[in-house]
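# Per-entry structural report
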Amino acid sequence: MTEAEKVFTDVPCTFCGCLCDDIEVEVNDGKIVGIKNGCAICKSRFLKHHENRLEHPSIMKDGEQSSVSLDEAVSKAVEIIASARRLLIYGLSSTENDAHREAYKIAELAGGVVDNTSSVCHGPTILGVQESGEAAGALAEVRNRADLVIYWGSNPLAAHPRHISRYTRVAGEYIKDPKKDRKIWLVDIRKSETARTVDKFIKLQPGTDLEVISSLRALLRGHRLAVDEVGGIPVSELQEAVDAMKNAKYGILFFGLGLTQSKGRFRNIDAAVRLIQDLNSYTKWNMMPMRGHYNVSGANKTSTWQTGYPYAVDFARGYPRYQPGEYTAVDLLARGEVDAMLNIAADPAAHFPKACLKTLSQIPIINIDPKENMTSRLATVNIPVAVAGIECDGAAVRMDGLPLYLHKIIDPPEGVLPDRDVLGMIYKKLEKEVKK
Amino acid sequence: MSRVGVKVTLTSGRTLLQGRTLEEGKLTDAYRDAVSYVELDGATLDALGIEPGSLVEVETIYGSVVVTAKKSRGEEPGIAFMPCGPYANTVTSDDTQETGMPSFKSIEAQVFKADASTISDIEKFVGGNP
Amino acid sequence: MSKDIILKNGIVYDPKNGIDGEVKDICISDGKIVEKVGEKAKVIDVKGKTVLPGGVDMHSHIVGSKLNFGRAMCPEAHRLEKPMMRTKKTRSGVTGIMFSSYTLGYRYSSMGYTTVIEPALPPMKALGTWEELEDIPNLNKALLPMFGNNMVTYHYVKEGDLSGLAGFISWILKATGGWGVKVVNPGGTYAWAYGKNIREPDTEIPQWGITPREVIRSLVMATESLGLPHVVHLHPNNLGRVGNIHTTIEELDAVKDIKGFKGRKQTIHLTHMSFETLDMVEEGKPEWKDVSSGGLAFAKYMNKNKHFTADLGQITFGPAMTMTGDGPFQFTLHQMTKTKWGNIPVDVELPGGAGIVPYNFEMKSPANSIQWTIPLEFALSVDDIWRVVMTTDHPNAGPFTKYPLVLSWLMSKKQRAIWLDKMHKFARERSTLEGIEREWTMYEATISTRAAPAKILGIDSRKGHLGIGADADVSVYSFNPLKTNLAENPDLIVQGFSESALTILSGEVVAKKGVVQKTPHGKVMTLDPQLNDDLAARVASEVEGMITRWYAHSFKNYPAPERYRAHLEERIPLDARSVTA
Ligand SMILES: [Zn+2]
């Protein structure tokens, strides 16, 4: 192996919400040849970023994708948007913030709906927070201070591979020995790989999160439960858990899709928020959603400052309105309410339930993504773009709200632009179209 | 012919391999292999009379899909796990209960030994009529 | 380049230049106020209208993580008033008590404001803040990063290393694009990391063995040694507690002996005094049932002690969104109100520790009615209006859209009487407000909303006045104070200030009769302190060491990158080479 010509340091990895920014990227001859510090997924993301790319802008003709120029693709996209009565703009969580801002402009101009992928990951978290608030945590604070860490309905070893090694099973300023001074628990319905690495695994029956959390709250408030077990967990074990939580100096609850996607959805989060609030009457507790896509937090943030609302925003009346369940992508598609879709950095054809696929196969889709995916197979227009954080710069937001600057490491393939530029072209052309 | 099915609670979630392969490409064989299986415990495999690696049909009221059976490390009777992705989504619900979020976790399902000789064709899902 | 403009025959109030309601022309060229313009200049007749320098708001939460947390947590707050539709010139958005970014800029502009300061920047989140500033049109802006609960600050305070602290302040101002030093509940918010608070200046900060008094003093001394244009901007300990006027006075006393930079008289700014000067009835206990107004007592203190300035944080009524870097106070508020509670971590790296709680101020509430009297009683009893700034700590004590109402209370005894009638009887019994005759004049109102904040922020050479060479930020209102007795017609004050007839930003007409016409960015004013090389080098390496050790992201990724700043920024150099290494 030869020495790399150029090494980029302190590069944020744009896979998951950890945005680990200690990655070293080795570049030779304009190609990424080595990755240091990254997890297996990070290595795959950087080293294989050039594989399976969308090679040209294309338009579907007679069931086949045929290559066109960027201008033609943009014109076709504008034609679709301009003639749509109800446009859905979706995705955004795997691209950088400036692309979001362009997408909102298009949504506003076209009177469409814009939703990001949080509606199918931590949307219920946001709904729970809107019920009762949130004692939010931060990762450095956890590393420096937390003596009790709970992962709930989350499998960090699979989804956030370095979360444990970077933030929890690591020494911090006031936690000198991360094994002795800090305990890590996992609460889940199955014994995942993470279960084997933690200090304590609490297994609950599927769909009982709400009952278990509510029972913990009741026990914390000194109530006695008239049952022997809740969610398959003996009450004595729950009592032990409550005592330990109360006696922690600084506790943190990291929760995953096991809580947001299961029965109860935002009610689970509401209950968890209240449990954490109650615990703050005794000691310090915070909570943090384990955000999946690297910039789903950013998508919520950009949407919030520009429109007031974090996702599920409808511009049909010329100003932003918000209603999850109505203006969320799965609902709109499952009900067949939209007649065109602009999809940016997401793959709804692979990740949405079957009923949505039916609508997806019937409406024109403009798909903007660096790579081929299941949605690109369906799309009426495909426009390849640069990979943010590798081929263009930008900003993204870590799961704890920390904004980070994404670096440009190498040039994108020739003629391939960042999402923001492609969306900007669509906006400009659409503006002319609308004025006509 | 009557079929012997085993009732399970089906859940879906992330795996490391699913993450790695989706970064390579969503249309690769590697990605397909990473998301087209179901993890079952030994007792369930025995009840179905199959070995790990055999094909099974996972059926819910929302649909059914043929995938490869794997033996779960956790040995948890009654729990079936599928990596999130197009195969799992074939059998999940689009009902969001007015939240935007479909039911991706803990769905009642039955698992059968498959009659088919290959896993379901991913292309067909995209067509909307698997 | 925008066209030259002459505003003809307006009634001009320009306190910095001693102009008190004179009929006068104002000439504008190339974004500046000039002596005269040529014949080609656009003539705008403003006869019978009031001409003021553009409004300067020195304390309003218009960007950042707290605000977005509040926005996302409380969507119901966005529909209290009509949203704004997209137009050919403007973007759409929500209004209510927090606004979305574009509509916030538009609304301020249509009220005649041209400069607004965000007073609580968590330094590490500067990048996100700059992204958001990009989307707030029609205003000049600046940011005050928070230093009071930061471990690097504590390190230098503990070492007694004031040069190091000054170096760190410079480093942060450069890295984040800040304008001055904000301190929020020093030590108390830090203690919140373990669920505790610090209420008094001499209580030790956990793990550090230093006290809030030392933190405040050190930051004031460091700021004065650097000669930052704006003095330390203080939110003291013990906020929101009955009887806290004593803590506030003690903390102001604590810096009284510190010499101001080049002999300047004021060395500290006390923000939202309404929350910090709660007194109690004689022989009362520090409980809400015994609360009384400390407004008069505090005015007396201010009249005697010249080393500080203050803004009001006037309570208005109706829904508000409380958001402060004072986490423990916010938790107490949540426990009192049982409403939603959001918290942002204390953290070494996010020296914020903010809390966010929606709050409804009610006139029939004994506590709220007394809180209402405090800043009014204070502002109407203070000798020197140049040290008093009208704010509502938007959106804490109410949104900025309530400023016209606040001015009507200050300018009209009649209006106060009307409102006193709606209040709980304690407003009369436990404050002296009812008996106060004073009514702020237009001149005084102009000082408090323009000239004084500009002076306190250290931007008064260019902002807050209409003298030759000033930035051409101007607001015109359609009322005529020479003909109308405003004090007798408080509704006219409210109406008049709610919509400017004309708002001019950097020489461009940006709003007319409350409608936005143009949407320029405005500038973000930042400081670029130049240290001597030895100090700069020492501090850079020390700060790198501390950030690497304490933070969970890379030191290199701390500063807000140029690409998000350069096009918005007006970077003002500051020669601080005299601070010794
Ligand atoms: Zn404030």
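Residue positions within a chain follow its written sequence, with the count starting from 1. Lettering for chains starts from A, numbering for ligands starts from 1, and both go in the order in which the items are written. Confidence filtering applies because this is a predicted model: local features only for residues at pLDDT of at least 70, side-chain atom pairs given and counted only at 80 or more, and all residues used for totals across whole chains, interfaces and linings. As a rule here, side-chain values cover all heavy atoms of the structure and leave hydrogens and water aside.

Okay, the interface of chain A and chain C next. Note on contacts: a residue pair qualifies if any of its non-hydrogen atoms lie within 4.5 Å across the two residues. Listed as interface residues are 66 residues of chain A and, on the opposing side, 60 residues of chain C. In short, buried area is how much 1.4 Å probe accessible area vanishes from two parts on joining, totalled over both. Taken together, both faces of the contact between chain A and chain C bury some 5,200 Å²; the carbon and sulfur share is 51%. Of all residues in chain A, E108, R145 and W305 of chain A bury the most surface against chain C, accounting for 13% of the area lost on that side. Each reported salt bridge corresponds to a side-chain nitrogen of Lys or Arg within 4 Å of a carboxyl oxygen of Asp or Glu. The interface formed by chain A and chain C includes 7 salt bridges.

With 57 residues of chain A at the interface, the matching set in chain B holds 48 residues. Taking both sides of the interface into account, the surface hidden between chain A and chain B amounts to around 4,500 Å²; carbon and sulfur atoms contribute 57%. Of all residues in chain A, R265, K354 and M374 of chain A give up the largest surface area on contact with chain B, accounting jointly for 16% of the area buried on that side. Along the contact surface separating chain A from chain B lie 6 salt bridges. A salt bridge links E39 of chain B to R190 of chain A; its shortest N-O distance comes to 4.0 Å. Polar contact criterion, stated in full: a pair of N or O atoms within 3.5 Å, where within protein one must be able to donate a hydrogen and the other to accept it, and residues adjacent in sequence count only if both atoms are side-chain atoms. In this assembly, chain A and chain B are joined by 19 residue pairs in polar contact (both at pLDDT 80 or more).

Below, the discussion takes up the sheet that holds strand β10 (residues 232-235) of chain C. All names here are of chain C. Whether two strands pair depends on DSSP finding at least two bridges between them. Helix numbers and strand numbers start at the N terminus; a helix is a DSSP run of H or I with at least 4 residues, a strand a run of E with at least 2. Strand order in the open sheet formed by 5 strands is β9-β10-β11-β14-β18, and the pairing between neighbours is parallel. The open sheet terminates on both sides in strands that have one partner only, identified here as β9 (182-184) and β18 (388-389). Inspection of the sheet shows β10 paired to strand β11 (residues 268-270) by 3 bridges, in the parallel sense. In the strand pairing of β11, H233 is matched with H269. Fitted lines through C-alpha atoms serve as axes, helices being fitted only where they are in contact, and the angles separating the N-to-C directions of these axes extend from 0 to 180 degrees. Packed onto the sheet, helix α7 (residues 212-226) meets β9, β10 and β11 and runs at close to 160 degrees relative to β10.

Here the focus is the pairing of strand β1 (residues 5-14) of chain C. All names here are of chain C. Burial runs high along β1: 8 of the 10 residues are buried. Bridge count for β1 against strand β2 (residues 19-29) is 8 bridges, and the pairing is antiparallel. Following the sheet pairing, I6 is matched in β2 by C27. The turn joining β1 and β2, which pair antiparallel and follow one another in sequence, is formed by 4 residues; a positive phi near 70 degrees is taken by G18. Relative to strand β5 (residues 50-53), β1 runs parallel, the two being bridged by 2 bridges. Residue pairing for β5: I11 is matched across the bridge by T50. Exposure classes here rest on a 1.4 Å probe applied to the protein chains alone. A residue is buried below 20% of its type maximum, exposed above 50%, and partly exposed in between.

Attention now moves to the pairing of strand β9 (residues 148-152) of chain A. Residue and element names in this part refer to chain A. With 5 of 5 residues buried, β9 lies mostly within the body of the structure. Side chains L148, I150 and W152 of β9 all project onto a buried face; the interleaved residues V149 and Y151 project onto the opposite face, where all are buried too. Both β9 and strand β10 (residues 183-188) contribute to a ladder of 5 bridges, which runs parallel. If you follow I150 over to β10, its bridge partner there is W185. Across 5 bridges, β9 lies against strand β14 (residues 250-255) in parallel orientation. Counterpart to L148 in the pairing with β14 is G251.

Here the focus is a positive patch on the surface. All names here are of chain C. Patch membership needs two things, relative accessible area over 30% and no salt bridge, and members are linked within 9 Å if like-charged or within 5 Å if nonpolar (Val, Leu, Ile, Met, Phe, Trp, Tyr). Working definition of accessibility: Shrake-Rupley area with a 1.4 Å probe, residue cover restricted to the visible protein chains. Residues scored as charged are limited to Lys and Arg (positive) and Asp and Glu (negative), so that His and the chain ends carry no count. Charge placement uses NZ in Lys and CZ in Arg. For Asp and Glu, CG and CD serve respectively. A contiguous patch of positive charge on the surface is contributed by K3, K42, K89, K512 and K513. Examined against the element boundaries, K3 turns out to sit in the segment before β1. Look at K3 and you get exposed, because its relative accessible area is 54%.

The next subject is the coordination of the zinc ion. All names here are of chain C. Because water is not among the atoms used, a metal site may look incomplete, as its donors are only the N, O and S atoms within 2.8 Å, or 3.2 Å for Na, K and Ca. Looking at the zinc ion, the protein donor atoms are H59 (NE2), H61 (NE2) and D393 (OD), and they sit 2.1 Å from it. Within one chain, the residues donating to the zinc ion are spaced in sequence as H-x1-H-x331-D. Of this pair, H61 sits in the loop between β6 (55-57) and α1 (65-73) while D393 is found in the loop between β18 and α12 (403-411), placing the two residues 332 residues apart along the sequence.

Bringing helix α15 (residues 354-362) of chain A into the picture now. Burial in α15 of chain A covers these residues: C356, L357, T359 and L360 of chain A. Down the axis of α15 of chain A, the buried set is contained in an arc of 165 degrees. They therefore lie on one face. Directions from the helix axis toward the C-beta atoms define the arc.

Think of a 1 Å grid over just the protein atoms. A cavity is a set of points where a 1.4 Å probe fits yet cannot get out, a pocket is an open set with protein on both sides within 12 Å along at least five of seven lines, and lining residues have an atom within 4 Å of a point. Grid points are joined across faces, edges and corners, and a volume is the space filled by probe spheres set on the points. If you walk through the whole model with that rule in mind, you get 10 cavities of 30 Å³ or more. Estimated volume of the second largest cavity: approximately 560 Å³. Looking at the second largest cavity, it is lined by 28 residues, and the ones nearest its centre are E134, R291, N300 and G401 of chain A together with F69 of chain C. Listing elements by their share of the lining of the second largest cavity, those giving two or more residues are α4 (123-132), β15 (284-289) and α12 (296-307) of chain A together with α1 of chain C. A total of 5 residues in the lining of the second largest cavity trace back to one element, the largest contributor, which is α1 of chain C.

Right, let's get into the packing of helix α1 (residues 40-47) of chain A against helix α1 (residues 16-24) of chain B. One way to put it is that α1 of chain A packs onto α1 of chain B with a least axis distance of 8 Å and a crossing angle of 5 degrees. Judged by the inter-axis angle, α1 of chain A sits roughly parallel to α1 of chain B. Residues A40, I41, S44 and R45 of chain A of α1 of chain A form the contact with α1 of chain B, whose own contacting residues are L16, G19, R20, E23 and E24 of chain B. Each residue is assigned to one of three groups, with Ala, Val, Leu, Ile, Met, Phe, Trp, Tyr, Cys and Pro labelled nonpolar, Asp, Glu, Lys and Arg labelled charged, and all others, Gly among them, labelled polar. Of the residues assigned to the contact of α1 of chain A with α1 of chain B, the class counts are 3 nonpolar, 2 polar and 4 charged. When describing relative orientation, an angle under 35 degrees is termed roughly parallel and one over 145 degrees roughly antiparallel, while 65 to 115 degrees is termed roughly perpendicular and anything else oblique.

As a further point, take the side chain of N382 of chain A. Residue and element names in this part refer to chain A. Locating N382 in the fold gives a position in strand β20 (residues 381-384). The exposure class of N382 is buried, given its relative accessible area of 1%. A polar contact of 2.9 Å, which involves the side chain of N382, links it to the side chain of N367. In contact with N382, other than residues within four places in its own chain, are L54, H56, P57, S58, Q65, N367 and S376.

As a further point, take the sheet that holds β20 of chain A. Residue and element names in this part refer to chain A. Across the sheet, 9 strands lie side by side as β5-β4-β20-β19-β18-β6-β7-β16-β17; this open sheet has mixed pairing. Both outer strands of the open sheet, β5 (64-67) and β17 (321-322), are each paired with one neighbouring strand and no more. As paired elements, strand β19 (residues 365-369) and β20 share 4 bridges and run parallel to each other. Looking across to β20, one finds that I368 is bridged to I383. Those strands touched by helix α17 (residues 419-435) are β18 (340-344), β19 and β20, and its axis lies near 150 degrees from that of β19.

Moving on: the domain arrangement of chain A. Residue and element names in this part refer to chain A. In terms of domains, chain A is made up of domain 1 (58-121 + 294-388 + 412-435) and domain 2 (123-289). Computed over C-alpha atoms only, the centres of domain 1 and domain 2 are separated by 35 Å. For the pair domain 1 and domain 2, the summed buried area comes to about 550 Å², and 54% of that belongs to carbon and sulfur atoms. When the buried area of domain 1 at its contact with domain 2 is split by residue, C121, Y311 and Y322 rank highest and sum to 61% of it. Applying the counting rule to domain 1 against domain 2 returns 0 salt bridges. Connecting domain 1 to domain 2 are 5 residue pairs in polar contact (both at pLDDT 80 or more). Residues belonging to the side of domain 1 that touches domain 2 are distributed by class as follows: 6 nonpolar, 3 polar and no charged. Here the bounds of each domain stem from an automatic or database domain assignment.

This paragraph deals with helix α8 (residues 245-253) of chain C. For α8 of chain C, every residue scored as buried is listed here: I245, T247, T248, I249, E251 and L252 of chain C. Packing partners of the buried residues in α8 of chain C comprise α7, β11, β12 (278-280), α9 (295-304) and β14 (308-311) of chain C.

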